Amino acid sequence: MIRILIADDHPILRRGLADILSRAFEGAICDEAGNAQEVVSKVQSQDWDLVVLDVTMPGRSGLDVLRDLKGLRPELPVLVLSMHPEDQLGKRALKAGASGYMNKESAPEELIKAVRKVLAGGIYVSPVLAERLARDLNEDSERPLHETLSDREFEVLRLIGSGMTTTQIAEVLHLSMPTVSTYRTRM
């Protein structure tokens, strides 16, 4: 029996993922978490075979949650499923300990393929991310500037790009306004 925790802030998406995975993996038990605190709490209190984790969740970044999960249970496979393109966050998620990274625009069959690979102990990367990783290995030139940012700086940059003010960013990331301003200055 496979136990899967689905962590996403959208209830309809969680239910849809649970339905897809329950049908693909007979006898699978799927549970849901809607925010960062709930994910960490459920991983602390129960055993899971896999966590499917969104990057954008209320409370804390999914990448921060991923680091927490890896600190609690280093062997626990985590498949990151995000609305953000692979070239933006895929490498960061893998470096933080994810067992795979997928875009939410992927077909259900691709999700099933990714879950099978991760449950078998493999690392899942989409063809797009695999190409990007291979290209990065072969490039001797400097990395794009956004790739030199820390995860938190990148997250602040992404929120600035979405039109948020310093105050809004501070609220979303649970940081003080001076801290957000410091990240902006460093960028």
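Here the structure is a predicted model, which means the values were calculated and not measured.

Engineer: Help me out: how do you make sense of the overall build of the protein in this one?
Structural biologist: Secondary structure assignment for the protein yields nine helices and six strands. In terms of C-alpha radius of gyration, the protein reaches 17 Å, essentially the compact-globule figure of 16 Å for 187 residues. In terms of principal-axis extent, the alpha carbons of the protein reach across some 50 × 40 × 30 Å. Split into buried and exposed, the 187 residues of the protein put 42% on the buried side. Here the analysis covers contacts within the protein between residues at least 6 apart in sequence; of these, 61% occur between residues at least 24 apart. Once the 23 positive and 28 negative side-chain charges of the protein are each reduced to a mean point, those two points are 2 Å apart.

Engineer: I'm lost on helix α3 (residues 62-72) in this one. Help?
Structural biologist: Structural remark: α-helix, 3.6 residues per turn; residues separated by three or four positions point the same way. For α3, the complete set of buried residues consists of Gly-62, Leu-63, Asp-64, Val-65, Leu-66, Leu-69 and Lys-70. Tucked inside the fold, the buried residues of α3 contact α2 (36-45), β3 (50-53), β4 (78-82), α4 (86-95) and α7 (151-161). Its side-chain oxygen at 3.0 Å from the backbone nitrogen of Leu-63, Ser-61 defines the N-terminal cap of α3.

Engineer: I would appreciate a short explanation of the side chain of Ser-61 in the present structure.
Structural biologist: Residue position: Ser-61 is located in the loop between β3 and α3. On the basis of relative accessible area, Ser-61 is assigned to the buried category, the value being 6%. A polar contact is formed between the side chain of Ser-61 and the backbone nitrogen of Leu-63, at a distance of 3.0 Å. The residues touching Ser-61, leaving out its near neighbours within four places in the chain, are Val-55 and Glu-155.

Conventions we followed
- Residues numbered from 1 in each chain as written.
- Predicted model: local features only at pLDDT ≥ 70, side-chain atom pairs only at ≥ 80, totals over all residues.
- Heavy atoms only, no water.
- Helix = DSSP H or I, 4+ residues; strand = E, 2+ residues; numbered from the N terminus.
- Rg over C-alpha atoms; globule rule 2.2 N^0.38 Å.
- Buried < 20%, exposed > 50% of the residue type's maximum accessible area, 1.4 Å probe, protein only.
- Contact = heavy atoms within 4.5 Å.
- Lys, Arg positive; Asp, Glu negative; His and termini not counted.
- Charge placed at Lys NZ, Arg CZ, Asp CG, Glu CD.
- Polar contact = N/O pair within 3.5 Å; in protein donor to acceptor, adjacent residues only side chain to side chain.

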